[in-house]
Amino acid sequence: MNFPEKLLYTKDHEWTLIEGDIAVVGITDFAQSELGDIVFVETPEVGTKLNVGDSFGVVESVKTVSDLYSPLTGEVVEVNEALVDAPETVNTSPYADGWIVKIKMSDTSETESLMNVADYKSLVKK
Amino acid sequence: MTPKNTPLADTHKALGAKMLDFHGWMMPIQYTSILEEHKAVREKVGIFDVSHMGEIEIKGEQAFDLVQYITTNDVSLLEEGEIQYSALLNEKGGVIDDLLVYMVSRKRFLLCVNASNAAKDLSWIADQALRYPDVEVVNISRRFGMISIQGPKSEPLLQALLPTPLAKLGYYRFCITTVGESNIIVSRTGYTGEDGFEIFCEWRDTPAIWEAIMVKGRQFSLKPVGLGARDTLRLEMRYALHGQELAENITPLEAGLSWIVSLDKKGGFIGRDVLLKQKEEGVPQKLVGFEVTGRGIARTGYDVCHGDEIVGKVTSGAMSPSLKKAIGMAYVKPELAMEGTELFIDIRGKKVAALVRRGSFVESRVKKEVPATT
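Below or above, wherever it landed, is the structure these notes cover. None of the values given here were measured: they were computed from a predicted structure. The numbers attached to residues start from 1 for each chain and follow its sequence in the written order. Each chain gets a letter, beginning with A, and each ligand a number, beginning with 1, in the order they are written. A pLDDT threshold of at least 70 governs which residues receive local features in this predicted model, and a stricter bar of 80 or more applies before side-chain atom pairs are shown or counted, although totals over entire chains, interfaces and linings include all residues. Side-chain metrics rest on all non-hydrogen atoms present in the structure, leaving aside hydrogens and water.

1. Regarding the sheet that holds strand β19 (residues 342-347) of chain B
Residue and element names in this part refer to chain B.
Move 1: Here the rule is simple: two strands pair whenever DSSP picks up at least two bridges between them. Runs of H or I in DSSP of at least four residues are treated as helices and runs of E of at least two as strands, each being numbered from the N terminus. One closed barrel accounts for 6 strands, arranged β15-β18-β17-β16-β19-β20; its pairing is antiparallel. Sheet twist, expressed as the mean angle between neighbouring strand axes with direction ignored, is 45°.
Move 2: Pairing of strand β15 (residues 286-292) with strand β18 (residues 325-332), which is carried by 6 bridges, proceeds in the antiparallel orientation. Its bridge partner being in β18, phenylalanine 290 is matched across the sheet by glycine 328.
Move 3: By the convention used here, residues are in contact when the closest approach between their heavy atoms is within 4.5 Å. Angular values range over 0 to 180 degrees, each being the angle between N-to-C directions of two axes fitted as lines to C-alpha atoms, with helices fitted over their stretch in contact. Along the sheet, helix α7 (residues 227-236) makes contact with β17 (309-320) and β18, crossing β17 at roughly 120°.

Structure, rendered in structure tokens:
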């Protein structure tokens with residue numbers, strides 16, 4: 001299972017890539033593998049304001065519905081429209097083409113409370 | 001309570017299946033991918049472990065009388081070697097379980113029941129049998145393993161292993177035959193809408209029979225299939241599942257199963273009075289199939305609305321792997337059960353449009369024609 005070094009992680013199995021004040025968010029390889037075939041992704045509207053822990057969408061596999069939780073405070077500036085027709089991209093490319101939203105952070109210091117790759121790997125091993 | 005293992009527990013482990021506790025049984029939910037497994041059954045052939053199913057043997061001079069009285073369908077229509085889909089009802093007409101009735105002879109029947117209800121069914125049937133001194137009710141669930149082979153290639157695959165000509169085995173018929181050294185019962189039945197077979201075999205023989213089918217299956221692109229795809233396959237056919245579409249407070253008439261209810265059969269059956277009254281006065285609710293036309297997937301338990309009113313609940317719902325559309329079933333008021341009626345499903349607070357659909361979502365390809373006898 002693949003967990004890139006450059007990403008930050010949450011206990012809800014989301015990853016975040018920080019690019020300036022923009023956080024790209026998706027679900028981890030572990031999460032997509034646990035969920036199985038993803039058949040539906042519900043994304044928020046651009047402009048939605050999110051606090052840490054807010055549910056901003058869902059990822060649905062054949063059998064399950066899983067909420068997505070915002071890792072950071074900010075505003076949704078872009079959503080991955082390609083997932084409407086190709087939700088399976090979250091399975092095939094969880095860290096690249098399968099990204100879900102981009103959030104413009106209102107407080108970049110919040111990234112300090114996210115997990116690094118080592119912490120996340122030990123969480124997944126439990 | 002520790003969940004029970006089927007005789008194929010080690011097989012599933014070796015195949016890397018994702019397992020879950022299904023009504024007290026450790027069962028494979030998927031091996032590789034529910035979508036791939038679903039597709040294998042629709043296009044080629046799949047193999048399922050269904051050893052969790054319960055089997056009850058009814059034997060004795062009054063076996064026929066007992067089975068006739070406890071089930072809704074007319075057992076007098078059955079010949080030896082034939083199978084009937086039927087239901088066990090309580091006195092209120094509610095479905096204790098749905099089941100398959102295998103007639104070995106008028107003095108011997110095999111009932112195949114849902115794993116989740118097997119213990120309850122057994123005690124219910126044993127209670128009813130007290131009125132029939134010359135009948136014996138035996139739980140043989142732990143004697144039989146059960147393997148299901150489903151898909152358009154199931155006949156050529158199984159034929160390569162069995163001495164009996166399967167082309168002559170009609171839909172809902174069974175025969176006693178062998179695979180290798182093992183005696184088996186094989187029936188042309190299933191829960192997928194594809195041509196297929198179900199095999200009862202001795203518990204201890206089950207792994208070797210599974211393995212023999214897997215080896216022979218390579219040339220047919222056989223895939224092991226878990227409960228995840230079993231559920232999407234049956235939902236596409238609109239087959240009811242007990243615990244979802246069927247329950248002890250739902251009658252078969254409400255569930256659209258009037259075709260397995262023989263109100264006129266001699267001697268009647270448990271629950272008949274309630275059903276007769278429902279037939280005359282109309283049912284309070286009806287099971288419908290629907291297709292979600294808006295964006296979203298209806299799931300079990302979601303509210304179904306018509307206008308501003310909540311009119312029912314989703315009993316089963318999923319993204320159909322064959323159609324790539326969200327489909328489901330729900331109970332609604334009878335006046336909303338008409339084809340094309342617009343309903344709304346409350347999906348996480350959003351009202352998403354859905355249309356009532358008649359019939360199965362995907363066309364059934366079971367072998368209904370009766371083969372010519374020779």
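2. Quick word on the sheet that holds strand β9 (residues 101-105) of chain A
Move 1: Pairing in this open sheet of 6 strands is antiparallel, and the strands run β1-β2-β3-β9-β8-β5 (chain A) from one edge to the other. One side of each edge strand has no neighbouring strand; the edge strands of this open sheet are β1 (8-9) and β5 (49-50) of chain A.

3. Some remarks on the pattern of salt bridges
Residue and element names in this part refer to chain A.
Move 1: Throughout this description, the term salt bridge denotes a Lys or Arg side-chain nitrogen within 4 Å of a carboxyl oxygen of Asp or Glu. Evaluation of the coordinates by the stated rule reveals 31 salt bridges over all chains.
Move 2: The salt bridge involving lysine 49 is made with glutamate 75; its shortest N-O contact spans 3.5 Å. On the criterion of sequence distance, the pair formed by lysine 49 in strand β5 and glutamate 75 in strand β8 (residues 74-79) is long-range, its members being 26 residues apart.
Move 3: Whether a residue is buried, partly exposed or exposed follows from its accessible area with a 1.4 Å probe, protein chains only, as a fraction of its type maximum: under 20%, in between, or over 50%, in that order. Accessibility expressed as a relative area gives 62% for lysine 49, which makes it exposed.

4. Topic: the packing of aromatic side chains
Move 1: We call Phe, Tyr and Trp rings a pair once their centres come within 6.5 Å, taking the six-membered ring for Trp, and we label the pair stacked below 30 degrees between planes, edge-to-face above 60, and tilted otherwise. Enumeration according to the criterion identifies 11 aromatic pairs over all chains in this entry.
Move 2: When the ring of B:Tyr85 is compared with that of B:Trp259, the centres are 5.7 Å apart and the planes differ by 35°; the resulting orientation is tilted. On the criterion of sequence distance, the pair formed by B:Tyr85 in strand β6 (residues 82-89) and B:Trp259 in the loop between α7 and α8 (272-281) is long-range, its members being 174 residues apart.
Move 3: A relative accessible area of 14% places B:Tyr85 in the buried class.
Move 4: For B:Trp259, a relative accessible area of 58% gives the class exposed.
Move 5: Aromatic ring contacts, followed pair by pair, group B:Tyr102, B:Phe144, B:Phe174 and B:Phe200 into a single cluster.
Move 6: The criterion for a charge sitting over a ring is simple: Lys NZ or Arg CZ within 6 Å of the ring centre, and within 35 degrees of the ring normal. Above the face of the A:Trp99 ring, A:Lys102 is positioned so that its terminal group lies 4.8 Å from the ring centre.
Move 7: B:Arg106 extends its terminal NZ or CZ atom over the ring of B:Phe64, reaching a point 3.9 Å from the ring centre.

5. Side note on unusual backbone geometry
Residues and elements named next belong to chain B.
Move 1: A positive phi angle is found at tyrosine 172, which is not glycine, with a value near 60°.
Move 2: As for its position among the elements, tyrosine 172 is in the loop between α5 (154-159) and β11 (174-179).
Move 3: Despite not being glycine, arginine 348 shows a phi value in the positive range, around 50°.
Move 4: Structurally, the position occupied by arginine 348 is in the loop between β19 and β20 (350-357).

6. Some points on the packing of helix α2 (residues 34-43) of chain B against α7(B)
All names here are of chain B.
Move 1: Here α2 crosses α7 at 55°, and the two axes come no closer than 8 Å. Taken together, the axes of α2 and α7 lie oblique to each other. For the pair α2 and α7, the sense of crossing is right-handed. Touching Ile34, Glu37, His38, Val41 and Arg42 of α2 are Gly228, Ala229, Thr232, Leu233 and Glu236, all from α7. Roughly parallel here means an angle under 35 degrees, roughly antiparallel means over 145, roughly perpendicular means 65 to 115, and every remaining angle is called oblique. Crossing handedness is read from the near helix: turned anticlockwise from the far helix by less than a right angle, it gives a left-handed crossing, and turned clockwise, a right-handed one.

7. With respect to the interface of chain B and chain A
Move 1: Chain B puts 18 residues into the contact, and the matching count from chain A is 16 residues.
Move 2: Values labelled buried area give the accessible surface lost by two parts on being combined, using a 1.4 Å probe and summing over both. Between chain B and chain A the total buried area reaches about 1,400 Å² when both faces are included, carbon and sulfur atoms providing 51% of it.
Move 3: Taken as a group, B:Arg295, B:Arg299 and B:Arg348 account for 41% of the area that chain B buries against chain A, more than any other trio of residues on that side.
Move 4: Linking chain B with chain A are 5 salt bridges, by the criterion used here.
Move 5: For the purposes of these results, a polar contact is taken to be a pair of N or O atoms within 3.5 Å, where, inside protein, one atom must be able to donate a hydrogen and its partner to accept one; residues adjacent in sequence count only when each atom of the pair is a side-chain atom. Connecting chain B to chain A are 12 residue pairs in polar contact (both at pLDDT 80 or more).
Move 6: Of all the elements in the fold, those that place two or more residues in the side of chain B that touches chain A are β3 (25-30), α2, α7 and β17 of chain B.

8. Describing empty space enclosed by the protein
Residue and element names in this part refer to chain B.
Move 1: Using a grid of 1 Å spacing that covers the protein atoms alone, one calls a set of points a cavity when a 1.4 Å probe fits there but cannot get out, and a pocket when the set is open and has protein on both sides within 12 Å along at least five of seven lines; lining residues are those with an atom within 4 Å of a point. Grid points are joined across faces, edges and corners, and a volume is the space filled by probe spheres set on the points. Overall, the coordinates contain 1 cavity of 30 Å³ or more when judged by the stated rule.
Move 2: A volume near 40 Å³ is recorded for the largest cavity.
Move 3: Looking at the largest cavity, the residues that line it are Gln150, Tyr171, Thr189, Gly190, Tyr191, Thr192, Gly193, Glu194, Asp195, Gly196, Tyr239 and Val366.
Move 4: Think of it as three bins: nonpolar holds Ala, Val, Leu, Ile, Met, Phe, Trp, Tyr, Cys and Pro, charged holds Asp, Glu, Lys and Arg, and polar takes everything else, Gly as well. Broken down by class, the residue content of the lining of the largest cavity amounts to 4 nonpolar, 6 polar and 2 charged.

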